[in-house]
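In case you want the letters, here they are:
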Amino acid sequence: MNLKRTFGAILTTLGIVGVIWGAYAFLSGGGSVGDVSVSQFSAAVPFVVGLIFLFTGISLVKATKDTA
């Protein structure tokens, strides 16, 4: 079991969710997204964190060698 590759996949998935949630909250003008109420400009925080997770996860998956 390759733990780095699994962790990279989890980070990538969380990054995609964060980017989608942040973009949706920003474009909808804030308000409530599900049970969480965010303003339009504080919606940039999950977007930026999602981008960081996304690029970190992708680079972790790409840099990990397969050792089977």
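It should be emphasised that the depicted structure is a prediction, and the values quoted were computed from it without experimental measurement. (Residues numbered from 1 in each chain as written. Predicted model: local features only at pLDDT ≥ 70, side-chain atom pairs only at ≥ 80, totals over all residues. Heavy atoms only, no water.)

Draft legend 1. Region of interest: the side chain of T64. With respect to the helices and strands, T64 occurs in the segment after α2 (44–63). Within polar-contact distance, the side chain of T64 engages the backbone oxygen of L60 at 2.6 Å. Apart from the residues lying within four places of it in its own chain, the contact partners of T64 are N2, K4 and R5. (Helix = DSSP H or I, 4+ residues; strand = E, 2+ residues; numbered from the N terminus. Polar contact = N/O pair within 3.5 Å; in protein donor to acceptor, adjacent residues only side chain to side chain. Contact = heavy atoms within 4.5 Å.)

Draft legend 2. Region of the structure containing the environment of V17. Along the chain, V17 falls in helix α1 (residues 3–27). Judged by relative accessible area, V17 falls into the exposed class, the value being 51%. Between the C-alpha atom of V17 and that of G50, which follows or precedes it by 33 residues, the distance is 7.1 Å. (Buried < 20%, exposed > 50% of the residue type's maximum accessible area, 1.4 Å probe, protein only.)

Draft legend 3. Local environment of the confidence of the model for the protein chain. Overall, the predicted model of the protein chain reaches an average pLDDT of 84, with 88% of residues at or above 70. Within the protein chain, α2 carries the highest mean pLDDT (91), whereas strand β1 (residues 31–33) carries the lowest (60). (pLDDT = per-residue confidence, 0-100.)

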